[in-house]
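# Examining the three-dimensional arrangement
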Amino acid sequence: MKRIKVTLLISVIIAVLTGCGDNSASKSQSASANSVSSVMQQQMNQTDTEQQPEQNAETQQSTQDSEMLQAVNSEVTTAEKKTTGTSDVDVDLTALSSTMVYSEVYNMLDLPEDYTGKTVRMNGQFALYQAYDENGEPVPDQIYYACVIADATACCQQGLEFVLAGNYTYPDDYPELGSEITVVGEFQTYMEDDYQYCHLIDAHFD
């Protein structure tokens, strides 16, 4: 009888120990799973945190580009709508910033069909070009007068030729070379020696 009780007691102890062992292993597996899940969650949070500044930077850049485009469009619209005195001016380059006015003159020379017939007002330095014949003699009727505009850095220049309305003689009726002028005229193109050129006709100093 004692032997049976001892055997039963030993069996109970083994069962309890076995149960504790299984529970401990289960807890260990659960803790391990929780630890892995925690690490993965931390990595995901870290990735989100690292990506957030990049997304914010892209959004900020997009906003800046949009604002710059709106500013450019606003300047061009202002230039096209502005009038001076009693005569309407379709494109007033004096209303643009130094960067924009250089770009706009470049567009006028590159896409003259978009400006043909429009009245243009511009401000810049007075310049001229004298043509010479094969003997090196100046050609009297080939003197070209221009209003020259520099870009914002003053390293590049764009010039637009103009022809004054009426009879004028150089140098008596013109300003000094390099002086600041404002000229208004109608934008037109003409052909010379198989090349197309742009100029302001019926122009006057403003």
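Residues numbered from 1 in each chain as written. Predicted model: local features only at pLDDT ≥ 70, side-chain atom pairs only at ≥ 80, totals over all residues. Heavy atoms only, no water.

## Focus on the pattern of salt bridges
Going through the model one piece at a time under the given rule, you end up with 2 salt bridges. In this structure, D92 and R121 form a salt bridge, with 3.7 Å as the shortest nitrogen-oxygen distance. Here D92 is found in strand 1 (residues 91–92), whereas its partner R121 is found in strand 2 (residues 119–132), with 29 residues between them in sequence. Accessibility classification places D92 together with R121 in one group, the buried group. Between R121 and D206 there is a salt bridge whose closest N-O contact spans 2.7 Å. Pair noted here: R121 is in strand 2 and D206 is in the segment after strand 6 (195–205), with a separation of 85 residues, a long-range link. Taken together, the salt bridges that share partners define one network made up of D92, R121 and D206. (Salt bridge = Lys/Arg side-chain N within 4 Å of Asp/Glu carboxyl O. Helix = DSSP H or I, 4+ residues; strand = E, 2+ residues; numbered from the N terminus. Buried < 20%, exposed > 50% of the residue type's maximum accessible area, 1.4 Å probe, protein only.)

## Some words on the environment of E192
Among the secondary structure elements, E192 is positioned in strand 5 (residues 180–192). For E192, a relative accessible area of 25% corresponds to the partly exposed category. Of the polar contacts made by the side chain of E192, one reaches the side chain of Y144; its length is 2.7 Å. (Polar contact = N/O pair within 3.5 Å; in protein donor to acceptor, adjacent residues only side chain to side chain.)

Any link to function would need more than the numbers given here.
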